[in-house]
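If you want the building blocks of each chain, they are given just below.
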Number of protein chains: 2
Amino acid sequence: MKSDLPRLMEKRGLDAFVVAGGEEYSAIRDYVTNGAAITGGLILQKRDGEPLLVVNGMEIEEGRKSGLDTRTYAELGYMDILKDEKDLDKAHILFWGNCLKAIGVETGKIGIYGVGAINQYLEYYQMLTETYPQYQFVGEKGLTLFTEAMITKDAAEIERIKSVAERTNLVLDQTWQFIAGHALNADETVIKADGTALTIGDVKRFIRRALLEVELEDTHMIFAQGRDSAFPHSRGESDQALKAGQSIIFDLFPRELGGGYHHDVTRTWSIGYAPPALQALYDDVMTAFDISMEAFGVEKPTSLMQTAVLDFFEGKGHPTARSTPGSLDGYVHSLGHGIGLNVHERPSITHLRDDDRFLVGNCVTIEPGLYYPDKGIAARIEDLCIVSDSGELVSLTPFKKDLVIPIQKA
Amino acid sequence: MKSDLPRLMEKRGLDAFVVAGGEEYSAIRDYVTNGAAITGGLILQKRDGEPLLVVNGMEIEEGRKSGLDTRTYAELGYMDILKDEKDLDKAHILFWGNCLKAIGVETGKIGIYGVGAINQYLEYYQMLTETYPQYQFVGEKGLTLFTEAMITKDAAEIERIKSVAERTNLVLDQTWQFIAGHALNADETVIKADGTALTIGDVKRFIRRALLEVELEDTHMIFAQGRDSAFPHSRGESDQALKAGQSIIFDLFPRELGGGYHHDVTRTWSIGYAPPALQALYDDVMTAFDISMEAFGVEKPTSLMQTAVLDFFEGKGHPTARSTPGSLDGYVHSLGHGIGLNVHERPSITHLRDDDRFLVGNCVTIEPGLYYPDKGIAARIEDLCIVSDSGELVSLTPFKKDLVIPIQKA
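Residues numbered from 1 in each chain as written. Chains lettered and ligands numbered in written order. Predicted model: local features only at pLDDT ≥ 70, side-chain atom pairs only at ≥ 80, totals over all residues. Heavy atoms only, no water.

Draft legend 1. Seen up close, the sheet that holds strand 8 (residues 190-191) of chain B. Residues and elements named next belong to chain B. Strand order in the open sheet formed by 3 strands is 8-7-22, with mixed pairing between adjacent strands. Of all the strands in the sheet, just strand 8 and strand 22 (408-409) have a single pairing partner and so form its edges. In this structure, strand 7 (residues 183-184) lies alongside strand 22, joined through 2 bridges in parallel fashion. Bridge assignment links Leu 184 to a residue of strand 22, and that residue is Lys 409. (Pairing = 2+ DSSP bridges. Helix = DSSP H or I, 4+ residues; strand = E, 2+ residues; numbered from the N terminus.)

Right, here's the structure in full:
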């Protein structure tokens, strides 16, 4: 969690970090500025020091809401630099020196983090290295400073995650009721009161509105039917009519409005009835879900959970990402992932990585699935879970796991 | 525009580019994949070749919607790499070699672009350079390959931009009507039918819903009143009640749902009546807006337009970013910016940069403003304009520029 940052910096030999980046939403910027609504600037922190937020004067009021020591570019001498240096990139690099001095770092190893234009920062890195022999600027891959800090959530984060979960469960229920409130025609098409087909686009519009009512925003939900459902990341065709007896994968991962903590849930639905092949697939996925929850143990490697699911699916004759790497049939993905300000964080729950363990404060998805594109059927079930203070895996997605949405005949 | 890419690559001596990056929305990825709904992968293009899209198997269906040659990681040998290389970062770097071979580039200068974790790509750059002596990997700052391509929009882009503009103008009108439909109490507070205050949060909720109805999404609108309005990027306090006679800065820059082209418009409103000081400020801004439009000339430096506005404001006694750099009073920002898939693109309309010229196909904002935080008043007017085929600057924001929203007494 965030309070681990000084310890995690020490482990990496970092004397300071700089969070840079562009206008894109950046989970790291959100994390270190306590959600300040800024679109640029720099955040610098000396190990065992307090963070300094440096913003454009236009963003000073929003920057101050971070609660951090907040200064403008002008206050830290940027305008003086511009008097002599007309190249804005070079001026920006010179400004880093002012900022590093402002946090009392005259020498040492500086980690650069953030989300930005890769091409630009490759150039900036060269310029920084040439301009400042007294600093050693470094990047980091794999389990980075912030990736590692974010693996566990503190009490304030868990509270926000629980609130997002409650609101998402409400929207799941509203969506179920919305679909169930329609009717099937003789063609097994779901129709509206006016007799026209209910489309995936209609359902997505309903969901986006419902999310907005509870101050959440959609981030590319999946609502995919039939063959589409069998490609895990196919989002569904807006103009497609809902039909009875088709596998529908509904994967919703909304976040707090404007950027923030996520929920992540998947339900598999079939309207009216479930064909036997889909029901059998669904039963296997539900069993795998139960096996996952039973395989959990705090401090245990996360890979053991995935292995238990791989063993089960392979025993039932399904190809998997372990038995048949690259297959588009069967169980083709990992079992789950950490989640927070990013939709994908650590720990990973995969057989490809055996260095992640479950820890108190984890917030993870558990999402076994089976996919058969040629048969046009699929099933996935996903709950978001936290590892509680007492070391239990607790689902925050109580919404029912029924396959069939009952519906009336028109 | 996009068809300029080969020429712009040649100008930079690039034999190929690779668009990489993380799960964040990336305008460049959107641009080169024609809006494919993917969350990762690589796009590679040889100069004078066709782009190749490489995606995770789970995203193959969405990837194919790009219309590009689309292959999965497995098809290009990633699973074979994983057999011998368990370090996923190293495996990814080895995979770049497969992809570069697949587009027929065996040697040469390769530009790396995209939006991603800066720390990760600083490491990847070192690994790529060490792994592949036959390639020279480069970044780029300033006017980059894609920044330069995006300066002008093609006919298909202009069509989408016009559609977003029409829908945004509709929402502006709905918002005006929404506010005007309320009433003022004796306290000069805007109240709802139940007598409670209409807050900025209420207005923002109305706007977000209205945007959703026309398939647009908010990206952090500004609706700031009184003192807040005088900090150009203050977004406004949700729990603040709307009051009569206050300067309200309403800056809306929505985009196509899920990421895409933007509109960008600002109106300054005062409910019921305008105090003389605000009216005078507003009149100066409106004059500056007219001066801007008159200063336009296709092929002319964009900085001339900013200079004309600076001259006018300084002549009226306002501090500016030229006369008083770093000031929070007066005209504290640039006059405008290009806009497209990114909310801020080139050309810039600023006195700090004299190398941008207006070109047919530009899509730019024109947004003079004046800010006085200590007096708690401000005004900004912004239209989005395109440079038409005939070389005219045409506003796509016809919505009225009235300062005062008439309102009834309760």
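Here the narrative resumes.
Draft legend 2. A look at the domain arrangement of chain A. Residue and element names in this part refer to chain A. As far as domains go, chain A holds domain 1 (2-146) and domain 2 (151-409). Just the C-alpha atoms count here: the centres of domain 1 and domain 2 sit 37 Å apart. Tallying the contact residues gives 7 residues for domain 1 and 11 residues for domain 2. At the boundary of domain 1 with domain 2, total buried surface from both sides reaches about 670 Å², with 52% on carbon and sulfur atoms. In this assembly, domain 1 and domain 2 are joined by 0 residue pairs in polar contact (both at pLDDT 80 or more). In terms of residue class, the side of domain 1 that touches domain 2 is made up of 4 nonpolar, 1 polar and 2 charged. (Domains from an automatic or database assignment. Contact = heavy atoms within 4.5 Å. Buried area = accessible area lost by both parts, 1.4 Å probe. Polar contact = N/O pair within 3.5 Å; in protein donor to acceptor, adjacent residues only side chain to side chain. Nonpolar A, V, L, I, M, F, W, Y, C, P; charged D, E, K, R; others polar.)

Draft legend 3. Broad picture of the pairing of strand 19 (residues 383-387) of chain B. Residues and elements named next belong to chain B. Counted residue by residue, strand 19 has 5 buried out of 5 residues, so it is predominantly covered. Along strand 19, one buried face is formed by Asp 383, Cys 385 and Val 387 and the opposite face, lined by Leu 384 and Ile 386, is buried too. Looking at chain direction, strand 16 (residues 363-366) and strand 19 are connected through 4 bridges and run antiparallel. Across the sheet, Ile 366 pairs through a bridge with Asp 383, a residue of strand 19. As judged from the 3 bridges shared by strand 19 and strand 20 (residues 393-395), these two strands associate in the antiparallel manner. (Buried < 20%, exposed > 50% of the residue type's maximum accessible area, 1.4 Å probe, protein only.)

Draft legend 4. Expanded view of the pairing of strand 11 (residues 248-252) of chain B. All names here are of chain B. The element strand 11 is extensively covered by neighbouring structure, given that 5 of its 5 residues are classed as buried. Of the two faces of strand 11, the one carrying Ile 248, Phe 250 and Leu 252 and the one carrying Ile 249 and Asp 251 are both buried. In terms of strand pairing, strand 10 (residues 222-225) meets strand 11 through 4 bridges, oriented antiparallel. Paired with Phe 223 across the two strands is Phe 250, which belongs to strand 11. Examined bridge by bridge, strand 11 and strand 13 (residues 265-271) share 5 bridges and lie antiparallel to one another. Paired with Ile 249 across the strands is Thr 268, a residue of strand 13.

Draft legend 5. Just unusual backbone geometry, in detail. Residue and element names in this part refer to chain A. A cis geometry characterises the amide bond from Arg 346 onward to Pro 347, with omega recorded as 5°. Looking at the element boundaries, Pro 347 is found in strand 15 (residues 345-349). With a phi angle near 55°, Asn 34 is a residue other than glycine that sits in the positive phi range. One can find Asn 34 in the loop between helix 2 (27-32) and strand 2 (42-46). The partly exposed category is assigned to Asn 34, whose relative accessible area is 43%. Non-glycine residue Asp 48 carries a positive phi angle of around 65°. If you trace the backbone, Asp 48 turns up in the loop between strand 2 and strand 3 (52-55).

Draft legend 6. Looking closely at the sheet that holds strand 10 of chain B. Residue and element names in this part refer to chain B. Taken together, the 4 strands give an open sheet; going across it, the order is 10-11-13-21, and neighbouring strands pair in mixed fashion. Because the sheet does not close on itself, it has two edges, and the strands there are strand 10 and strand 21 (404-405). Across the sheet, helix 9 (residues 200-213) lies against strand 10 and strand 11, angled at about 160° from strand 10, the strand it touches most. (Axes fitted to C-alpha atoms, helices over the stretch in contact; angles between N-to-C directions.)

Draft legend 7. Representation of the relation of the copies chain B and chain A. When chain B is brought onto chain A, the operation consists of a screw motion whose angular component is 180° and whose axial shift is 0.0 Å, with 0.0 Å RMSD remaining. Both chain copies can therefore be described as sitting about a two-fold axis. (Least-squares fit on C-alpha atoms with pLDDT ≥ 70 in both.)

Draft legend 8. Up close: the interface of chain B and chain A. Residue-level contacts link 67 residues of chain B with 65 residues of chain A. Buried surface at the junction of chain B and chain A, summed over both partners, amounts to about 5700 Å²; 60% is from carbon and sulfur atoms. Secondary-structure elements contributing two or more residues to the side of chain B that touches chain A are strand 1 (16-21), helix 3 (60-64), helix 5 (88-102), strand 5 (108-117), helix 6 (118-131) and helix 9 of chain B. With 10 residues, helix 6 of chain B is the largest single contributor of residues to the side of chain B that touches chain A. Per-class residue counts for the side of chain B that touches chain A are 28 nonpolar, 19 polar and 20 charged.

Draft legend 9. Local environment of the side chain of Gln 306 of chain A. Residue and element names in this part refer to chain A. Topologically, Gln 306 is positioned in helix 11 (residues 303-315). One polar contact links Gln 306 to Tyr 331, side chain to side chain, over a distance of 2.6 Å. A polar atom in the side chain of Gln 306 sits 3.1 Å from the side chain of His 351. Once residues within four sequence positions are removed from consideration, Gln 306 is found in contact with Tyr 331, His 333, Ser 334, Leu 335, Ile 349, Thr 350 and His 351.

Draft legend 10. The side chain of Arg 29 of chain A, seen in detail. Residue and element names in this part refer to chain A. With respect to the secondary-structure elements, Arg 29 resides in helix 2. Glu 24 provides the closest opposite charge to the buried, salt-bridge-free Arg 29, at an N-O distance of 6.1 Å. Not counting residues within four places of it along the chain, the set of residues in contact with Arg 29 comprises Val 19, Gly 21, Gly 22, Glu 23, Glu 24, Ile 38, Thr 39, Gly 40 and Ile 43. (Lys, Arg positive; Asp, Glu negative; His and termini not counted. Salt bridge = Lys/Arg side-chain N within 4 Å of Asp/Glu carboxyl O.)

Draft legend 11. Structural context of the packing of helix 5 (residues 88-102) of chain A against helix 6 (residues 118-131) of chain A. All names here are of chain A. Orientation of helix 5 relative to helix 6, taken along the N-to-C sense of each, is 55°, at an axis distance of 10 Å. Classified by the interaxial angle, the pair formed by helix 5 and helix 6 is oblique. Considering only the axes of helix 5 and helix 6, their crossing is right-handed. From helix 5, Asp 89, Lys 90, His 92, Ile 93, Leu 94 and Trp 96 reach across to helix 6, where they touch Gln 120, Tyr 124, Met 127, Leu 128 and Thr 131. Residue composition of the contact of helix 5 with helix 6, grouped by class: 6 nonpolar, 3 polar and 2 charged. (Parallel < 35°, antiparallel > 145°, perpendicular 65-115°, else oblique. Left-handed = near helix turned anticlockwise from the far one by under 90°.)

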